[in-house]
Amino acid sequence: MNQSDRDSLAGPGPLLLVPDAVLLPEGPADGWAVTIDNGRFEAVGPADELERTHPQLPLVRLPGHLLMPGFVDAHHHLTQSFGSALAFGEPSEIFRRVWVPLEGALDEESAYTAAKLAALEAMRGGFTTVTDAGTRAGVDVDVVASAARDAGIRCVLGLVCNDAEAADDADDEDATDRPAVLEQAEKHLARYDGDPLIHPSLAVSIPEAATERTLHATARLAAEAGAVVQIHVNEHLAGVERSLVRHGLRPLEHLHSVGALGPQLLAAHATMLTPRELTLLADTGTAVSYNPVASAWKGNAVAPATSMAERGIRFGLGTDGTRGDGFRLAEAAEFAQRLAYGLATGDSSCGAGWTWLERANRGGADA
Ligand SMILES: [Zn+2]
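Colleague: Any details on the coordination of the zinc ion? Residues and values, ideally.
Modeller: In this structure, H75 (NE2), H77 (NE2) and H232 (NE2) serve as the protein donors to the zinc ion, at separations of 2.0 to 2.1 Å. Look at H232 and you get buried, because its relative accessible area is 14%.

Here you go:
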């Protein structure tokens, strides 16, 4: 590729791109091309046809390349980059020992640097969108937005809305005053109007980290704004058992009981699901981020993703900050299903490769 082609590709178009192959929903198509304008795919079709119908467009040939939709990382923590070397070798609930203290020690500059490093790694791995589950760093979340924007990646940006400790102290579950956390949530949802790269989202670390009122209210606010609420759900045995002791319900059941399930919820992990919880996910249109590599370094289990696909449950794939390479993530998604489910049942397909490739882009975009 010459320098002028490189310069063209750095811009928003319009362009006619002619790679060796284009990845379509049915599979790779040789001799196809795409037109892009303003950074968006405008037309996809056989190269000779598009060259004939768009003679005015600057044409860039991409020999040896496959052109495909970008990968979507449905679960990331952009400000945890400096702890990547600490993943693996820790028992479950590593967040208590490593992530929360690490993020709590970040200032603006280090949070920005960590987030930008994560964003650049994601782009190198073929991701064009990352979903940040909300930083616990004591900085304005706009620092993360700036890092994503400067790197040039689309970011679903979570704002942490935890308020359970405060409510426990004040014993004010029934109080009528509107918690500050919801005012901040509303401001955050309106903050990035018209921003081409930043899509605001709300986040609750785990169901027990927010009051029932806030779980319910964040679901409603996000649904009204067309945004998602991200919550780590049913990830570890310890969390499931705490919920059972406290509420007599598993975390996902508890969220259902307070009206927090629905298309606006992006449930991270969901590794430990009962058949009833699978039905709740399917019936409510709740989305899941299946994070196969996270199961290898801190999991009690692997999400039953082949079953979720069969049940029509919406889900994408998430790196959780580890395995920032879209193809390797999709491979891990299949591999984990084979070990956790396929071996025992003689299912040597486990959804086949295309299931996981599709979940790594289109499924993630939907979730
Ligand atoms: Zn997470």
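Colleague: Summarise the pairing of strand 13 (residues 314-317); cite the residues concerned and give the values.
Modeller: The alternating pattern of strand 13 places R314 and G316 on one face and F315 and L317 on the opposite face, and all of these are buried. By the bridge criterion, four bridges tie strand 12 (residues 287-290) to strand 13 in an arrangement that is parallel. Bridged to S289 within strand 13 is G316.

Colleague: Requested: an account of the domain arrangement of the protein, with residues and values cited.
Modeller: For the protein, the assigned domains read domain 1 (3-67) and domain 2 (71-366). Centre-to-centre, using C-alpha coordinates, domain 1 lies 34 Å away from domain 2.

Colleague: Quick one: what's the story with the environment of E277, residue by residue and with numbers?
Modeller: Along the chain, the position of E277 falls in helix 11 (residues 275-284). E277 sits 27 residues away from R250 along the chain, and the two C-alpha atoms are 8.9 Å apart. In contact with E277, not counting residues within four places along its chain, are N234, R250, L252, E253 and M272. One polar contact links E277 to N234, side chain to side chain, over a distance of 2.8 Å.

Thresholds, definitions, all that
Residue numbers here run from 1 along each chain, matching the order of that chain's written sequence. For a predicted model such as this one, the threshold for reporting local features is a pLDDT of at least 70, and the threshold for listing and counting side-chain atom pairs is 80 or more; totals across whole chains, interfaces and linings nevertheless cover every residue. With hydrogens and water stripped out, all remaining heavy atoms of the structure feed into the side-chain values. Each metal site lists N, O and S donors within 2.8 Å (3.2 Å for Na, K and Ca). With water left out of the atoms, a site can look as if it is missing ligands. The buried label applies to any residue whose accessible area, calculated with a 1.4 Å probe on protein chains only, is under 20% of its type's maximum; exposed applies above 50%, and partly exposed to all values in between. Put simply, DSSP H or I for four residues or longer makes a helix, DSSP E for two residues or longer makes a strand, and each gets a number counted from the N terminus. A pair of strands is treated as paired once DSSP finds two or more bridges between them. Note that the domain bounds reflect an automated or database-derived domain assignment. In what follows, residue pairs with any heavy atoms lying within 4.5 Å of each other are defined as contacts. Any pair of nitrogen or oxygen atoms within 3.5 Å is treated as a polar contact; in protein, a donor-acceptor pairing is required on top of that, and neighbouring residues in sequence qualify only through side-chain atoms on both sides.

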